[in-house]
Amino acid sequence: MHVLAFVNQKGGCGKTTAAVNLAGTLASARAGGARVLLVDLDPQGHATLACGRAPGPGGSLLDVLRGSATIPDAWLEAPGDLKLLPAGPELAEFEDDAVRSLEPERRLRDALEPLRGQLDWVLLDCPPRVDGVLTANALAAADTSVLVVETSAFALQGAVRARELLVDSPWEFDLRVLATLFDPRTRIAREVLVALHARFGPRLFETAIRSHARLREAAARGLPVEVLSPRSRAAADFRALTGEVSALLRPDAGPRALVPGATPAGGPRRGPASTGRRGSVIP
Ligand SMILES: Nc1ncnc2c1ncn2[C@@H]1O[C@H](COP(=O)(O)OP(=O)(O)OP(=O)(O)O)[C@@H](O)[C@H]1O
Ligand SMILES: [Mg+2]
């Protein structure tokens, strides 16, 4: 079982889209039909909605964090052969609970432990903050934290700050960076991608998720794009990412340890993305 958390303090950068659609692709028969659990850690409940579901009588992530339900009590079947641990606005109550609890940030990690033999992948969709007890639960449980970065102006500054906050967290995980909402026709997006390569080197996934209207449509219909439109370019992006993510399970799959304070080596590797100039997007 490998646990991936999708994080960034910036809102709207594509965390939920990445988590839901990567989950759908990992679980698809075409990619080998892995056993995948998607966990919604955001009181906005967007991952739950993007699967067309709502918390059921078995409860939600809040019940799991409070210890009144197990994960299998509360999980739901979701489109694309996914298991979904849903959330809704009530999840925000856990912020208050946490003040009175001992080690509240370890709850999810502990609840996942008995499922080790039953799941291949657990994908955690975080709220738009890097502090807070919900994201802390994700970081504590994660083998890999994926910093999701929209390829737009000022994104790199935000990503560098988010990385600092993640490195300062007491949890140990592998850190990766995923570029999203990439529009190769715009200079700013190409510059940001080059800058991300320069800053994060081999920690940046080779696959950048491009901007696709089909991903918005899939969310609106409550389906992963692999289910809605498996032949689309959007689905192809997520299959490419699935290939890279699957390599995380191999011990020789690139950088592993997160070294606080280290600047990853490496530079731009993707020819078409290179603009040959460095602009103000590079802090
Ligand atoms: N690659 C993409 N192409 C087109 N639209 C996208 C893409 N990624 C995300 N979107 C759209 O952008 C909006 C924000 O995406 P998403 O909800 O995934 O971001 P988020 O980081 O999870 O936001 P929040 O911080 O509020 O949780 C949504 O409407 C989503 O459908
Ligand atoms: Mg989200």
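Given the structure is predicted, the values throughout are model-derived calculations rather than measurements.

## A word on the sheet that holds strand S3 (residues 76-78)
Here comes step 1: The sheet built from seven strands is open, its strands ordered S3-S4-S2-S5-S1-S6-S7 with mixed pairing. If you trace the sheet from one side to the other, it starts and ends with S3 and strand S7 (174-180), each paired once. Neighbouring strand axes in the sheet, compared pairwise and without regard to direction, differ in orientation by 25° on average.
Here comes step 2: In terms of strand pairing, strand S6 (residues 144-150) meets S7 through seven bridges, oriented parallel. Counted as the bridge partner of Glu150 is Thr180 from S7.
Here comes step 3: Lying over the sheet, helix H8 (residues 155-168) contacts strand S1 (2-7), S6 and S7, oriented at roughly 160° with respect to S6.

## Observations regarding the pattern of salt bridges
Here comes step 1: A complete count under the given rule lists 19 salt bridges for this structure.
Here comes step 2: In this structure, Glu150 and Lys10 form a salt bridge, with 3.2 Å as the shortest nitrogen-oxygen distance. With Glu150 in strand S6 and Lys10 in the loop between S1 and helix H1 (15-27), this residue pair connects regions lying 140 residues apart in the sequence.
Here comes step 3: A relative accessible area of 18% means that Glu150 is categorised as buried.

## Structural notes on the packing of H1 against helix H12 (residues 233-246)
Here comes step 1: One way to put it is that H1 packs onto H12 with a least axis distance of 9 Å and a crossing angle of 80°. Relative to H12, the element H1 is oriented roughly perpendicular. Contact residues: H1 offers Thr17, Ala18, Asn21, Leu22, Thr25 and Leu26, while H12 offers Phe238, Arg239, Leu241, Thr242, Val245 and Ser246.
Here comes step 2: Residues belonging to the contact of H1 with H12 are distributed by class as follows: six nonpolar, five polar and one charged.

## Things to note about the confidence of the model for the protein
Low-confidence regions, as indicated by low pLDDT, have predicted coordinates that should not be scrutinised in detail.
Here comes step 1: Per-residue confidence for the protein gives a mean pLDDT of 89, with 88% of residues at or over 70.
Here comes step 2: Confidence drops under pLDDT 50 across residues 253-283; counting only partners more than four residues distant or on other chains, this segment forms 73 contacts.

## A closer look at the pairing of strand S5 (residues 121-125)
Here comes step 1: Within S5, five of the five residues are buried, which leaves it mostly tucked inside the rest of the structure.
Here comes step 2: Side chains Trp121, Leu123 and Asp125 of S5 all project onto a buried face; the interleaved residues Val122 and Leu124 project onto the opposite face, where all are buried too.
Here comes step 3: The pairing of S1 with S5 spans five bridges and is classified as parallel. Bridge assignment links His2 to a residue of S5, and that residue is Trp121.
Here comes step 4: Bridging between strand S2 (residues 36-40) and S5 involves five bridges; their strand directions are parallel. Note that in S5 the partner of Val36 across the bridge is Trp121.

What counts, and where the lines are drawn
Residues numbered from 1 in each chain as written. Chains lettered and ligands numbered in written order. Predicted model: local features only at pLDDT ≥ 70, side-chain atom pairs only at ≥ 80, totals over all residues. Heavy atoms only, no water. Pairing = 2+ DSSP bridges. Helix = DSSP H or I, 4+ residues; strand = E, 2+ residues; numbered from the N terminus. Axes fitted to C-alpha atoms, helices over the stretch in contact; angles between N-to-C directions. Contact = heavy atoms within 4.5 Å. Salt bridge = Lys/Arg side-chain N within 4 Å of Asp/Glu carboxyl O. Buried < 20%, exposed > 50% of the residue type's maximum accessible area, 1.4 Å probe, protein only. Parallel < 35°, antiparallel > 145°, perpendicular 65-115°, else oblique. Nonpolar A, V, L, I, M, F, W, Y, C, P; charged D, E, K, R; others polar. pLDDT = per-residue confidence, 0-100.

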